[in-house]
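Survey of secondary and tertiary structure
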Amino acid sequence: MSQNVELSPEEQNALDQLSRELQGTDRTRGVPDIGQLCEQYNRLKPTLEIVVRIVERIPVYGSKAAQAIRFLMGLADMACPIQ
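My aim in this report is to walk through the structure given alongside it, one point at a time.

Rules used in this analysis
Residues numbered from 1 in each chain as written. Predicted model: local features only at pLDDT ≥ 70, side-chain atom pairs only at ≥ 80, totals over all residues. Heavy atoms only, no water. Salt bridge = Lys/Arg side-chain N within 4 Å of Asp/Glu carboxyl O. Helix = DSSP H or I, 4+ residues; strand = E, 2+ residues; numbered from the N terminus. Buried < 20%, exposed > 50% of the residue type's maximum accessible area, 1.4 Å probe, protein only.

This brings us to the pattern of salt bridges. Tallied over the entire structure, the rule returns 5 salt bridges. We note a salt bridge from glutamate 11 to arginine 57, for which the minimum N-O separation is 2.7 Å. Of the two residues, glutamate 11 is situated in helix H1 (residues 9-23) and arginine 57 in the loop between helix H2 (34-56) and helix H3 (62-79); the sequence distance between them amounts to 46 residues. Note on arginine 57: relative accessible area 37%, which makes it partly exposed.

Here is the structure:
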């Protein structure tokens, strides 16, 4: 029972950009500097907002997952205000 989610060009570009960004992340260097985290978050936030809209359309659990992601993004917004 597979269902495909139709993606607009903007949504596909956002997924591709996020995938490229995550592939370049070095997870082995320990705790990153908060400044680096905030810089990366603020750079990716517009992309994440598009990805959340895609996640929201996933049947059954998508809306709950999107709600959790939005909550975490809200925390990141408080910790990483745009300067």
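Before going further, it helps to examine unusual backbone geometry. Phi angles above zero are rare outside glycine, and valine 60 is one such case at about 75°. Among the structural elements, valine 60 can be located in the loop between H2 and H3. Judged by relative accessible area, valine 60 falls into the exposed class, the value being 68%.

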